[in-house]
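# Coordinate analysis (summary)
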Amino acid sequence: MSKLRKSDQEWKQELSPEAYQVLRHEGTERSGTSPLNQEKRKGVFVCAGCGQELFVSDTKYESGTGWPSFYDTLPGAIESKTDFKLIWPRTEYHCSNCGGHQGHVFNDGPDPTGKRYCNNG
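Residues numbered from 1 in each chain as written. Predicted model: local features only at pLDDT ≥ 70, side-chain atom pairs only at ≥ 80, totals over all residues. Heavy atoms only, no water.

Another aspect to go through is the side chain of His94. Following the sequence through the fold, His94 ends up in strand 6 (residues 90-95). Residue classification places His94 among the buried positions, given a relative accessible area of 11%. Sequence-distant contacts of His94, defined by excluding residues within four places in its chain, comprise Glu26, Ala77, Ile78, Glu79, Lys81, Gly99, Gly100, His101 and Gln102. (Helix = DSSP H or I, 4+ residues; strand = E, 2+ residues; numbered from the N terminus. Buried < 20%, exposed > 50% of the residue type's maximum accessible area, 1.4 Å probe, protein only. Contact = heavy atoms within 4.5 Å.)

In C-alpha cells:
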C-alpha cells in the first residue's frame, strides 16, 4: 500500500487551523478540549487527516490526563520517533499512512501493554 502524500498547501486547505497545527506541525491540543476524551461508544478511532484506523474503543481508558488515551494500537497503524522538544526525550507517534502527528506514548499505561498512547482528538 502506498502512503498518502499531499503538499503542505493541500493539507492547509483541507484541515481546520487547529487540526493542521496538530497533524502537520506536531502541535498539541489543550488538555480537556477534545470531545473524544468523553467518547464511550464502541467503534474505531481514525486519523483526522486521512481516516486510517488507529485504535479500537476496547483499548481506550480514562488516564486522567485530559486527552483520549489507549493502551494499544491497531497493527501497522502508527510509526514513532523520538521527540526532543522538551527537556527529556519522548516517543512521538504518527499515522503510518499520512504521517499525521497523533500524540506521544508513555510507559505508564495499564495491562496488558503498560503503554499510554496519549492522543490528540
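Looking now at the nonpolar core. A general trend in soluble globular proteins is that nonpolar side chains are found buried together. Cys47, Leu54, Phe55 and Tyr117 are the most contacted members of the largest nonpolar core, which has 15 residues in total. Secondary-structure elements contributing two or more residues to this core are helix 2 (17-25), strand 2 (53-56) and strand 6. Look past the residues within four positions of Phe55 in its chain and what remains in contact with it is Gly43, Val44, Phe45, Phe70, Asp72, Thr73, Leu74, Tyr93, Tyr117 and Asn119. (Core = buried A, V, L, I, M, F, W, Y, C linked by side-chain atoms within 4.5 Å.)

With the rule as written, the count across this model stands at five aromatic pairs. Look at Phe55 and Phe70: their rings are 4.0 Å apart centre to centre, the planes differ by 10 degrees, and that puts the pair in the stacked class. Pair noted here: Phe55 is in strand 2 and Phe70 is in strand 4 (residues 69-70), with a separation of 15 residues, a long-range link. For the pair Phe55 and Phe70, one class covers both residues: buried. Judged by centre distance (6.3 Å) and plane angle (80 degrees), the ring pair of Phe55 and Tyr93 falls under edge-to-face. With Phe55 in strand 2 and Tyr93 in strand 6, this residue pair connects regions lying 38 residues apart in the sequence. (Phe/Tyr/Trp six-rings, centres within 6.5 Å; stacked < 30°, edge-to-face > 60°.)

From the geometry alone we can't say anything about function, so treat these as descriptive.
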